[in-house]
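Residues per chain, in single letters:
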Amino acid sequence: MKAGSLKMRCRDNRGMALLITIMVISLLIAITVQFNRTVRQNYFASAAQLDGQNLRMIARSGVTFAAAILEADAIENKYDSLLDSWASLETESFAGLFSRGSLSMELTDLSGRLQINSLVQEGGEGEEGEEEQNANENREILNRLLLSGNFEIEGETEAREIVDSLVDWLDTDDRESDFGAEESYYQSLENPYGCRNGPVGAIEELLLVKGMTSDLLFGDADSAGLADFLTVHGTDGKININTAPVEILQAMHSLMTEEIARNLDEYRSEAGNAASLENPEWYRSVSGWPGDIELPEKSFSTVSYYFQLSSEGLFHEQRRRLTAVLERNSKNTVSILYQKVE
């Protein structure tokens, strides 16, 4: 073999070796970059998962805080109003309690709403007694609420149809009210289903009732829905006059105007009037109260038993929210009726 040919072959081998070396290094770099990217992604995913779990625990801790606050409030006084400490929780800061994240809470008094199951007397129809009178009063309150102008209701007939249909949905018999609906109506629908004929356990169920629409029940971005004034919790049919929305106050009597209802709201919001709010008839002390308005005393009280909690854990841009319903009984024991973490 000639010397020149041998030198050329050596140069070719060195070039091939260099090329292979470059390819191997490039491959190692690519593998390293991808490995680093995968590790970083897994790290951030694990960190996010850990933060999410931490926020869920922070949100759940709100139940313990809320229960303690409600128990302390019942010891402090025997009535409930919007001047109580539980009513201003949304303004409190719990940031210093947690190393990673903070807690925000809000308690809403469900006892200030109209108990939907109280539209019929407990145990079904019978002789008209105190329970039936209370049921009739609450039907009238709901009817006036529907006609208050806060909802898209076209006149008395539509309002009465909704009230009667709700009564038929709740009562245990099969007799249709004047504008209501019983089993035969629901079975005649394109997608038939049965009539409840008993108390409801969730507000969403009211969408099944004749005349009820999603916009009416839940409202939209510009207006509240009927669900903001109703509750499925409670059996005595009484509304806490100290915490009821202004719309409920106005609906409690046919002669009650919005101005009078707002005067009541202003009175119960003044810290100086707190002591008088224990007496359910404090409304008579409000300046300018019309003497011809007698609120149905069997339909309201000043004590609350059911509260809705919104508890949220926050950390940077992450958040976890818990919604719960708490019951505080006459023995001042708080129990959880419902909870959901989102």
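All of these numbers come straight from a predicted model, not from anything done at the bench.

(A) A look at the packing of aromatic side chains. Scanning the model with the defined rule gives nine aromatic pairs in all. Ring plane angle 75° and centroid distance 5.1 Å describe the contact between Trp86 and Phe307, whose orientation is recorded as edge-to-face. Remark: Phe307 occurs in strand E6 (residues 306–315) and Trp86 occurs in the loop between helix H1 (3–76) and strand E1 (102–109); sequence separation between them is 221 residues. By relative accessible area, Phe307 is classed as buried at 0%. These aromatic residues form a ring-pair network of at least three members: Trp169, Tyr185, Tyr186 and Tyr193.

(B) The packing of helix H2 (residues 130–146) against helix H3 (residues 155–170), seen in detail. Contact pair H2 / H3: the axes reach a minimum separation of 9 Å and the direction vectors enclose 140°. By the criterion of interaxial angle, the relationship of H2 to H3 is oblique. Classified by chirality, the crossing of H3 by H2 is right-handed. Residues Arg139, Glu140, Leu142, Asn143 and Leu146 of H2 form the contact with H3, whose own contacting residues are Glu156, Ala159, Arg160, Ile162, Val163, Leu166 and Val167. Broken down by class, the residue content of the contact of H2 with H3 amounts to seven nonpolar, one polar and four charged.

(C) Molecular detail of the confidence of the model for the protein chain. On average, the protein chain scores 87 in pLDDT, and the residues at 70 or more come to 85%. Across the protein chain, the element-wise mean pLDDT spans from 70 in H1 up to 98 in strand E3 (residues 230–231). In the predicted structure, residues 43–48 sits below a pLDDT of 50 and forms one contact with residues beyond four places in sequence or in another chain.

(D) Main features of the sheet that holds strand E7 (residues 318–328). Read across the sheet, four strands follow the order E1-E6-E7-E8 without closing on themselves; strand pairing throughout is antiparallel. The open sheet terminates on both sides in strands that have one partner only, identified here as E1 and strand E8 (334–341). In this sheet, neighbouring strand axes are inclined to one another by 20° on average, regardless of whether the strands run parallel or antiparallel. In this structure, E1 lies alongside E6, joined through eight bridges in antiparallel fashion. Counterpart to Met105 in the pairing with E6 is Ser311.

(E) Structural view of the layout of surface pockets. Quantified by volume, the largest pocket comes out at close to 530 Å³. Around the largest pocket sit 20 residues that line it, and Arg113, Ile203, Glu204, Gln308 and Val325 are the ones nearest its centre. Those elements that place two or more of their residues in the lining of the largest pocket are helix H5 (214–218), E3, E7 and E8. Of the residues that constitute the lining of the largest pocket, the class distribution is ten nonpolar, five polar and five charged.

(F) Summary view of the nonpolar core. Residues Leu142, Leu146, Leu166, Leu226 and Leu295 are the most contacted members of the largest nonpolar core, which totals 54 residues. Taken together, the elements giving at least two residues each to this core come down to H2, H3, H5, helix H6 (246–251) and helix H7 (258–269). The dominant element in this core, judged by the number of residues it contributes, is H3, at seven residues. Among residues more than four places away in sequence, those in contact with Leu226 are Leu142, Leu145, Leu146, Phe151, Met212, Leu216 and Leu217. With 22 residues, the next largest nonpolar core counts Ala87, Leu103, Met105 and Phe315 among its residues.

(G) H2, seen in detail. The end-to-end C-alpha distance of H2 is 24 Å, a good match for the 24 Å that 17 residues give at a rise of 1.5 Å each. Taken residue by residue, H2 has Glu132, Asn134, Ala135, Asn138, Arg139, Ile141, Leu142, Asn143, Leu145 and Leu146 as its buried positions. Where the residues of H2 are buried, they touch strand E2 (114–115), H3, H5, E3, strand E4 (239–240) and H6.

Parameters at a glance
- Residues numbered from 1 in each chain as written.
- Predicted model: local features only at pLDDT ≥ 70, side-chain atom pairs only at ≥ 80, totals over all residues.
- Heavy atoms only, no water.
- Phe/Tyr/Trp six-rings, centres within 6.5 Å; stacked < 30°, edge-to-face > 60°.
- Helix = DSSP H or I, 4+ residues; strand = E, 2+ residues; numbered from the N terminus.
- Buried < 20%, exposed > 50% of the residue type's maximum accessible area, 1.4 Å probe, protein only.
- Axes fitted to C-alpha atoms, helices over the stretch in contact; angles between N-to-C directions.
- Parallel < 35°, antiparallel > 145°, perpendicular 65-115°, else oblique.
- Left-handed = near helix turned anticlockwise from the far one by under 90°.
- Contact = heavy atoms within 4.5 Å.
- Nonpolar A, V, L, I, M, F, W, Y, C, P; charged D, E, K, R; others polar.
- pLDDT = per-residue confidence, 0-100.
- Pairing = 2+ DSSP bridges.
- 1 Å grid on protein atoms, 1.4 Å probe; cavity = no way out; pocket = protein on both sides within 12 Å on 5 of 7 lines; lining within 4 Å.
- Points joined across faces, edges and corners; volume = space filled by probe spheres on them.
- Core = buried A, V, L, I, M, F, W, Y, C linked by side-chain atoms within 4.5 Å.
- Expected span 1.5 Å × (residues − 1).

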